[in-house]
Every structure is written in structure tokens, then in C-alpha cells.
Amino acid sequence: MYRIVIHGGAGNWSERNVEAALKSIGEALEKGLDILRRGGTAGEAVVEAVATMEDSGYFNAGIGSSLNIEGVREMDAGYADSEGNIGAVSGVRRPKNPIRLAYWVARETDHVLLTGEGADRISAWIGLEEIGEIPEHVLRRYQDLVIQRRVIGERNKRVVETYYGDTVGAVALDKYGNLATAVSTGGLWLKLTGRVGDTPIYGAGFIANRYYAANATGIGEYIVESLLCRRALEEYMEVGDVYRSIQIPLKELGLRRPSSAGLIAVDRFGNIAYGHNTPSMVVAYYDGRRVKTLLSRNSI
Ligand code: ASP
């Protein structure tokens, strides 16, 4: 038995071109599924699925990452599995695939989180591919947003509720019973330099134990403040229901912080779930019966 669930970010997809996103997430699903079908591990499947989306240039991760206030990419990623491996990186500028660096931290070191310049140096040292130039469409969006912000005088307002979205994540169960979770993001558009969101914070942006694996997307500040994935895991350990484990915390968070987050999860029995308190979320999954790619709307 194997399963996989992938998301391309919670937010409001209705106004944007979802077709390209669905095609791209479909490719990532195929990549992960292929690994699981051939007897690969859940860890390999989630890392390759996320790396595929980092490479697409379309999502807010890897090549397509959002730019910070200075027009620079600062990327975060996290990985955990049912064997107790945990690894994350934050504020990295160098690797093409921050998720590969997080995976390396999880498997090859005693550490949990590497940040900034040090993490970038390690990325070079272990021979990870370097990220290329910022794509034209990303630079254009940055320029538009900076101009927009000036025009509407938003400079001193909080950016967190406006500029999130398109982060990527995957959870999987493999035929050996291993669970894994992986997540990667460029963070918020126009974030202050050095800002870290939920994505590299274990218990906030991702979590796994022997029974359950999950990860989050949405407004990082609110996901950290609510330790959203930890909350989902606790709910699961209490009631043993994957669907409830994400619905309850998302509802609770939505009461205080409307339209703020999405979650995906899988358990060791092959149950999967996804949900969001935002208007929409791009999702793809294999639940044991069918392969599906969809724009999920109003799930809570
Ligand atoms: N959670 C990410 C962050 O706050 C953004 C997102 O999920 O779109 O960095």
C-alpha cells in the first residue's frame, strides 16, 4: 500500500491561471507516485515531488520563489519522516532545491535547522546544484508589487495577509509503512530580509511521527503562532481520524485568523486528507483508488 498527497499552496487561486498550476502539480504527483510504485521510500517520493515543483518556476519555491523587500530570493524548506529524521533550512539563497538540503540535514547531520550563509556554504560543499537567475515573470511581479504598494501607501502595513501563496508540499506513505513530509517556499512577497515563516519550523509547517505526517501552507506567522501541524498531530493522536485532524485545527485557526492556512496529511493506515480555510488550494493525490488533480474550493 502506498499513498501520496501534494499541494501547490493555499490562497485564492480563482483569479489566476490555475491550468498551468494543475499541470505542474500533476507532473510532481506522477514523479512521486512512480518512485512509490517502484518500491522507493516515502522520503524519496516527497523530496522528488517537491523538487519537481521547485524546478517548475511556476510555484513559490525554488526557481519561482517570491522575492523579499530587497528583491532577493530567501528560501525555506523542511523535511521529516516516521523514522525520526527532521531537517530544515531557512533563508537560503544558493541551492536550486532547498528541499534537497533539508533532506540532507535530516539524514546526514545531528542538527534540525540550518540558516542563511552557513546553510548556503554547506549546500555548495555537498555539491548541490546552484539556483540560476531569477525568471523574468518573477522580476516583473516584484516590480509591480513594489509600485502597487507605493501607490496605495501600504508601506507601513503588514504584508502577511496579502502576499502569501503558492508554497509547495507533499506527504507520503510507502509500501514499507514509512511516512514522510516535505515542504518548500520562497515565503511571502516583499517580506523583510531575514524573515522566517512556518515552513522550516517543525511542529508549525511540518510534522511526522510513526503514525502520521502532515504539512501546512498559508500565512506563516499565523501557522507558527498556532503551531498548526503540532495541533493537527495531537488531534489525530486523540481521535485517530485524519480528516478531523486537519479540519478542527483549520476551523479553530480560521476563527481567529480568517483565510489563513491549508493542511495535507496521511496516516500509516493509508488514510489521506487535505483542507484549507482559504478560498482555494491546488491539490493532487493518490488515495489507493484514483489519481486526482484539482483546485479545491471552500473546504472548511
Ligand atoms: N507558509 C509560507 C510562509 O509563510 C507561505 C505559503 O504557504 O504560501 O512562508
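Structure first, text after, so check above.
Fair warning: this is a prediction, and the values are worked out from it, not measured in the lab. (Residues numbered from 1 in each chain as written. Predicted model: local features only at pLDDT ≥ 70, side-chain atom pairs only at ≥ 80, totals over all residues. Heavy atoms only, no water.)

(A) Here's a closer look at the site of the ligand. Lining the immediate environment of the ligand, one finds Tyr 164, Gly 165, Thr 167, Thr 185, Gly 187, Arg 195, Asp 198, Thr 199, Thr 217, Gly 218 and Gly 220. One of the side-chain N or O atoms of Thr 167 is found 2.9 Å from an oxygen atom in the ligand. Thr 217 places a polar side-chain atom, nitrogen or oxygen, 2.8 Å from an oxygen atom of the ligand. Classifying every residue of the shell around the ligand gives one nonpolar, eight polar and two charged. (Near = heavy atom within 4 Å. Polar contact = N/O pair within 3.5 Å; in protein donor to acceptor, adjacent residues only side chain to side chain. Nonpolar A, V, L, I, M, F, W, Y, C, P; charged D, E, K, R; others polar.)

(B) Structural context of the pairing of strand β6 (residues 179-185). Burial of β6 is extensive: seven of the seven residues sit out of reach of the surface. Burial along β6 is two-sided: the face carrying Leu 179, Thr 181, Val 183 and Thr 185 and the face carrying Ala 180, Ala 182 and Ser 184 are both buried. Direction of pairing for strand β2 (residues 75-81) relative to β6: antiparallel, over a ladder of six bridges. Bridge pairing links Ala 80 to Thr 181 in β6. In the sheet, strand β5 (residues 168-173) pairs with β6 via six bridges, with the strands oriented antiparallel. The residue of β6 that forms the bridge with Leu 173 is Leu 179. Hairpin connection, β5 to β6: the antiparallel pair is bridged by five residues, and Gly 177 has positive phi, about 95°. (Buried < 20%, exposed > 50% of the residue type's maximum accessible area, 1.4 Å probe, protein only. Helix = DSSP H or I, 4+ residues; strand = E, 2+ residues; numbered from the N terminus. Pairing = 2+ DSSP bridges.)

(C) View of the nonpolar core. In this structure, Ile 4, Ile 6, Val 46, Tyr 79 and Ile 99 are the most contacted members of the largest nonpolar core, which totals 46 residues. Ignoring any residue separated from it by four or fewer positions in sequence, one finds Ile 99 in contact with Val 47, Val 50, Ala 51, Glu 54, Ala 77, Gly 78, Tyr 79, Ala 182 and Val 183. By size, the runner-up hydrophobic cluster in this structure holds 23 residues, among which are Tyr 164, Ile 223, Val 242 and Leu 263. (Core = buried A, V, L, I, M, F, W, Y, C linked by side-chain atoms within 4.5 Å. Contact = heavy atoms within 4.5 Å.)

(D) Molecular detail of helix α8 (residues 242-256). End to end, α8 covers 23 Å across 15 residues, agreeing with the expected 21 Å (1.5 Å per residue, within 8%). Residues of α8 that are buried include every one of Val 242, Ser 245, Ile 246, Gln 247, Pro 249, Leu 250, Leu 253 and Gly 254, and no others. Where the residues of α8 are buried, they touch β8 (212-218), α6 (220-225), α7 (228-239), β9 (261-267) and β10 (272-276). Here α8 starts with a cap whose side-chain oxygen sits 2.9 Å from the backbone nitrogen of Tyr 243, and that cap is Asp 241. (Expected span 1.5 Å × (residues − 1).)

(E) How the structure looks around the packing of aromatic side chains. For the structure shown, the criterion picks out seven aromatic pairs. On the numbers, 5.5 Å between centres and 80° between planes, the contact of Tyr 202 with Phe 206 is edge-to-face. (Phe/Tyr/Trp six-rings, centres within 6.5 Å; stacked < 30°, edge-to-face > 60°.)

(F) Quick peek at the pattern of salt bridges. By the definition in use, this model includes 18 salt bridges. Note that Arg 100 and Glu 48 form a salt bridge whose closest N and O atoms lie 2.7 Å from each other. Of the two residues, Arg 100 is situated in helix α3 (residues 98-108) and Glu 48 in helix α2 (residues 42-56); the sequence distance between them amounts to 52 residues. Of the residues examined, Arg 100 reaches a relative accessible area of 26% and is grouped as partly exposed. Taking the relative accessible area as the measure of exposure, Glu 48 reaches 22% and is therefore partly exposed. Between Glu 235 and Arg 231 there is a salt bridge, with the nearest N and O atoms lying 3.0 Å from each other. Of this pair, Glu 235 and Arg 231 both sit in helix α7, separated by four residues, roughly a single helical turn. (Salt bridge = Lys/Arg side-chain N within 4 Å of Asp/Glu carboxyl O.)

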